[in-house]
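Observations on the model geometry
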Amino acid sequence: MISYSDLALILSFIFMLYLTSKNHLIKLEQLLKAYDLWSETPPPETAMVSTAPFCCDVMAFEQWLQFIFIPKMTELVVLQQPLPTNMALAPMAEHVWQSMPHGTIMVAQLQQFDAELSQR
């Protein structure tokens, strides 16, 4: 049987995971905007149903982050739905942004987010 103190600890951990995830999503959006990678125009609806990893066949990685990843993760956080337990966005970011001035900062942010969700 689980004790009240164990339950409180588990609930605290879950709450912190959602809060940390929300903060990572906010920071990611801020960075995309700061480096002019944020778009005011969404991709066409047909692009949103791509089955390729990161929709790489129809949109740039930053578009996928903005229009698919951030909204989906925000929904999971708000609804307190299960979050991914093995996320690996940083390798794609390294591949896409390796030679860009903002690359190192963007990759580092995604590495932190990947690690946060994968440590559970």
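See above for the structure.
The present account deals with the structure reproduced in this document. All values reported here derive from a predicted model rather than from experimental measurement.

**Quick look at the packing of helix α2 (residues 61–78) against helix α4 (residues 103–118)**
Where α2 meets α4, the closest approach of the two axes is 15 Å, and the angle between their N-to-C directions is 35°. Considering how the two elements wind past one another, α2 and α4 form a crossing that is left-handed. On α4, the residues that touch Phe61, Leu65, Phe69 and Met73 of α2 are Leu110, Phe113 and Leu117. When grouped by side-chain class, the residues that make up the contact of α2 with α4 number seven nonpolar, no polar and no charged.

**So, helix α3 (residues 90–97)**
Buried within α3 are the following residues: Ala90, Met92, Ala93 and Trp97. All buried residues of α3 lie within an arc of 155° about the axis, which places them on one face of the element.

The rules behind the values
- Residues numbered from 1 in each chain as written.
- Predicted model: local features only at pLDDT ≥ 70, side-chain atom pairs only at ≥ 80, totals over all residues.
- Heavy atoms only, no water.
- Axes fitted to C-alpha atoms, helices over the stretch in contact; angles between N-to-C directions.
- Helix = DSSP H or I, 4+ residues; strand = E, 2+ residues; numbered from the N terminus.
- Left-handed = near helix turned anticlockwise from the far one by under 90°.
- Contact = heavy atoms within 4.5 Å.
- Nonpolar A, V, L, I, M, F, W, Y, C, P; charged D, E, K, R; others polar.
- Buried < 20%, exposed > 50% of the residue type's maximum accessible area, 1.4 Å probe, protein only.
- Arc of directions from axis to C-beta.

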